[in-house]
Amino acid sequence: MTAAPAVPGVVTAEQMRATGAAIVGMQEESGALPWFPGGQTDPWDHIESAMALSVTGFHAEAEAAYEWSRRKQRSDGSWPIRTVCGKVEDAGTDSNFCAYIAVGVWHHYLITGDDAFLQRMWPVVWSAIDCVLRFQREDGAFRWGGDHRTGAMFGEALITGNSSIFQALDCAIRIAGQMDQPDEDWIVAHTMLGDAIRADIVRDEWEIFTPPSEHSMDWYYPILGGAVRGQEGQELIARRWDQFVVPGKGVRCVDHRPWVTGAETCELALALDSLGDTADAIELIASIQHLRDPDGSYWTGLVFADGKRWPVEKSCWTSAAVVLAADAVSRTSVANGIFRDVRQRLAVAP
């Protein structure tokens, strides 16, 4: 059995295994991993939750989730933005949502070494990335989404989604290499996107992407996705640390609201770990253990002004973010570096 991660003084392996079991308890018979029982399933959070199942040893359940993705993929390589209990409620296409399948597939393959799984999922990844590349603009940024029925694309390029696509392209390129089917177009797209992200970050003048919003994700995702590292990453973290980090309680989802969320806190922990600030990352993971439920799951967030949990839900993806952060800082699974090891630039073969 795969050993679950443990962070001394924060969470035990048994507790993380229980968190994995809590995610399994929310999985639908179809293999879908919704936000919470009866709630919506989106292609991105579904994959994040599957990754946590791989880390905590629930490999069959993780593969059921990937099988759901394989079955539900549309002919153009995309997935609907939102499905509820098997019914499509938003048929639109989100480029970032579609790209993330590559991260999950590579992550599960690293943990299991299952060549048959990779062979089965390779056409899914190829089709998804082929779809996503249609959304790339000439400046390297990716349009966030489009209308599945008409094929019309929305021009806006969002920094959080683009940062996640950067990681997904890196994982897709790794999969293609493992399959001995490298695609230079993917490498070029990855390079262009990384250059675009870093250009806006270094200047702190948003000429390519929509300027960062009040949400913390827009702040740390360029680091989490791997496009920004080193001194540039440290400087980016310093810019808005005091706006978002509430010592001992977690990270605000929105800069001006007294609301900390477990997922954003653990994603920031992953970003810090990728910069080498693992001690600070562990401190962040510890700060949101007040969201842990006795059944192993995690509540989405806390309004610290009045001590109330909000929304009143234990979300699958919050639990998943805790597991992935614990795995990264503890260096437990073979795939613990899935965020830390993203390559910033790749060479195109001559």
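Presented here is a report on the structure given in the accompanying data block. (Residues numbered from 1 in each chain as written. Predicted model: local features only at pLDDT ≥ 70, side-chain atom pairs only at ≥ 80, totals over all residues. Heavy atoms only, no water.)

**Observations regarding the pattern of salt bridges**
Taken as a whole and judged by the stated rule, the model has 16 salt bridges. The salt bridge involving Arg 70 is made with Glu 67; its shortest N-O contact spans 2.5 Å. In this pair, Arg 70 and Glu 67 both sit in helix H3 (residues 59-72), 3 residues apart, roughly one turn of the helix. According to the relative accessible area criterion, Arg 70 is partly exposed, its value standing at 34%. For Asp 130, the salt bridge is made with Arg 134, and the minimal N-O distance between the two is 3.2 Å. Judged by relative accessible area, which is 41%, Arg 134 ranks as partly exposed. Each of the salt bridges in this network shares a partner with another, and the network as a whole consists of Asp 170, Arg 174 and Arg 343. (Salt bridge = Lys/Arg side-chain N within 4 Å of Asp/Glu carboxyl O. Helix = DSSP H or I, 4+ residues; strand = E, 2+ residues; numbered from the N terminus. Buried < 20%, exposed > 50% of the residue type's maximum accessible area, 1.4 Å probe, protein only.)

**Some words on the nonpolar core**
One recurring pattern in soluble globular proteins is that nonpolar side chains are buried together. With 113 residues, the main nonpolar core has Tyr 66, Ile 101 and Phe 209 as its most contacted residues. Here this core gets 11 residues from one element, more than from any other, and that element is helix H13 (residues 316-330). (Core = buried A, V, L, I, M, F, W, Y, C linked by side-chain atoms within 4.5 Å.)

**Remarks on the sheet that holds strand S1 (residues 40-41)**
Two orientations exist for strands paired in a sheet by backbone hydrogen bonds: parallel and antiparallel. The sheet built from 3 strands is open, its strands ordered S1-S2-S3 with antiparallel pairing. Each having just a single partner strand, S1 and strand S3 (87-90) make up the two edges of the open sheet. Where S1 meets strand S2 (residues 82-84), 2 bridges bridge the pair, whose relative direction is antiparallel. When the sheet's bridge partners are listed, Gln 40 is paired in S2 with Val 84. (Pairing = 2+ DSSP bridges.)

**Some details on helix H9 (residues 217-224)**
Of all 8 residues in H9, 7 are buried; the element is thus mostly enclosed. Looking only at H9, the buried set comprises Asp 218, Trp 219, Tyr 220, Tyr 221, Pro 222, Ile 223 and Leu 224.

**Quick notes on the environment of Gly 151**
Here Gly 151 is to be found in the loop between strand S5 (145-146) and strand S6 (153-154). For Gly 151, a relative accessible area of 49% corresponds to the partly exposed category.

**Some details on the packing of aromatic side chains**
Taken as a whole, this structure holds 11 aromatic pairs when the rule is applied. Between Tyr 66 and Phe 117, the ring centres sit 5.5 Å apart and the planes meet at 70 degrees, which makes this aromatic pair edge-to-face. Pair noted here: Tyr 66 is in helix H3 and Phe 117 is in helix H6 (residues 115-133), with a separation of 51 residues, a long-range link. One exposure class covers both Tyr 66 and Phe 117, and it is buried. Judged by centre distance (6.4 Å) and plane angle (75 degrees), the rings of Trp 219 and Trp 241 are edge-to-face. Taken together, the positions of Trp 219 in helix H9 and Trp 241 in helix H10 (residues 230-244) put the pair 22 residues apart, joining distant regions of the chain. Trp 219 sits in the buried class, given a relative accessible area of 2%. Accessibility expressed as a relative area gives 27% for Trp 241, which makes it partly exposed. Of note, Arg 17 hangs over the ring of Phe 58, and the distance from its end group to the ring centre comes to 4.1 Å. (Phe/Tyr/Trp six-rings, centres within 6.5 Å; stacked < 30°, edge-to-face > 60°. Lys NZ or Arg CZ within 6 Å of the ring centre and 35° of its normal.)

Nothing here speaks to function; it is geometry throughout.
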